[in-house]
Amino acid sequence: MTQRQPHIQLSQSMTQARYALLPGDPKRVEHAAQFLENVEALGCHREYRALRGWFRGVEVLVMSTGMGGPSTAIAVEELNQIGVTNLIRIGSCGAMQDHMRLGDLVISHAAVRDEGTSDAYVKTAYPACADMSLVSTLVQQAKRLEYTAHCGYVRSHDSFYTDHEQEIDHYWSNKGILAADMETAALMVVGALRHMRTASILNVVVEHNACLTEGINDYQQQEKSAQQGESREILLALETVYQDSLEGRQ
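Model, not experiment: these values are computed from the prediction. (Residues numbered from 1 in each chain as written. Predicted model: local features only at pLDDT ≥ 70, side-chain atom pairs only at ≥ 80, totals over all residues. Heavy atoms only, no water.)

1. Some remarks on the overall build of the protein chain
The helix and strand tally for the protein chain stands at seven helices and 10 strands. Dimensions of the protein chain, computed from the C-alpha atoms along their principal axes, are close to 50 × 40 × 35 Å. Residue burial in the protein chain is summarised as follows: out of 250 residues, 54% are buried. Within the protein chain, contacts between residues at least 6 apart in sequence are counted, and of these 77% link residues at least 24 apart. With an accessible surface of roughly 11200 Å², the protein chain has 47% of that area assigned to carbon and sulfur atoms. Averaged over its 21 positive side-chain charges, the protein chain has a centre that lies 6 Å from the centre of its 31 negative ones. (Helix = DSSP H or I, 4+ residues; strand = E, 2+ residues; numbered from the N terminus. Buried < 20%, exposed > 50% of the residue type's maximum accessible area, 1.4 Å probe, protein only. Contact = heavy atoms within 4.5 Å. Areas by Shrake-Rupley, 256 points an atom, 1.4 Å probe, with all protein chains shown as cover. Lys, Arg positive; Asp, Glu negative; His and termini not counted. Charge placed at Lys NZ, Arg CZ, Asp CG, Glu CD.)

2. Considering the packing of helix α3 (residues 132-145) against helix α7 (residues 224-246)
Packed helices, taken two at a time, are described by their axes: the angle between them and the distance between them. Direction vectors running N to C along α3 and α7 enclose 120 degrees, while the axes themselves pass 9 Å from each other. In this view, α3 runs oblique relative to α7, as classed from their interaxial angle. Where α3 crosses over α7, the handedness of that crossing is right-handed. Counting all contacts with α3, which are made through Leu134, Thr137, Leu138, Gln141, Ala142, Arg144 and Leu145, the residues of α7 involved are Leu236, Ala237, Glu239, Thr240, Gln243 and Asp244. (Axes fitted to C-alpha atoms, helices over the stretch in contact; angles between N-to-C directions. Parallel < 35°, antiparallel > 145°, perpendicular 65-115°, else oblique. Left-handed = near helix turned anticlockwise from the far one by under 90°.)

3. Brief notes about the nonpolar core
With 43 residues, the main nonpolar core has Leu21, Val60, Val62, Val106, Ile201 and Leu236 as its most contacted residues. If sequence neighbours within four positions are ignored, Leu21 has contacts with Val60, Leu61, Val62, Met63, Ile88, Ile90, Ile234, Ala237, Leu238 and Val241. (Core = buried A, V, L, I, M, F, W, Y, C linked by side-chain atoms within 4.5 Å.)

4. Regarding the side chain of Thr15
If you trace the backbone, Thr15 turns up in the segment before β1 (19-22). A polar side-chain atom of Thr15 sits 3.0 Å from the main-chain amide nitrogen of Ala17. At a separation of 2.7 Å, a polar atom in the side chain of Thr15 contacts the side chain of Glu59. Ignoring any residue separated from it by four or fewer positions in sequence, one finds Thr15 in contact with Leu42, Arg52, Glu59 and Ile82. (Polar contact = N/O pair within 3.5 Å; in protein donor to acceptor, adjacent residues only side chain to side chain.)

Everything listed is a geometric property; what it means functionally is a separate question.
As structure tokens, this is what we get:
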């Protein structure tokens, strides 16, 4: 039996879940717990806060990854070691298109690898892509739930505060990129290399051309639209897990 992993501090004896939801923020783990039954806290070590519960009879692990690609890659590697095979990120993002609003969801089927973690694993020609069956189910469930969801490409990056943020944003926005986060590319690349199925749902917490600092502060202050988006992305991920499990793909 696989031993307890050094960073996430989980082992196969603690959970037999094949599905994991991965928020960045440890606080979002408790929010996800509200949608689960028979919740059991599994511990908190560094940025990795974890619990397990059941959604319609399916065991689900929820574990935070912290901020950025490096901690996300560690989470993917160690979850792989304890037998998790399906990873769905439930994160936040900044919109890169004018028509997107706070609380809208972004279902990413691929990501621009504009970060360093995935480069440590494989040449940049290797794509950062989601599992298409998970993406298809996410889109179907979003329509059923009548959530506003945009499906397309996102960009993953390493910093909010370079000297060229407006120029970078303008460039990728003109290329049709929907949103920016810090974790999706690393999740998809490392997951694929480890033969895991991955997907990413992002909640818009900053509209395009809005003030980053004000947007993040509003989110921390429980801004209504963004908080509704967070609840919706969690439920969308769980409904997708349930549907996927019915189809025997885990």
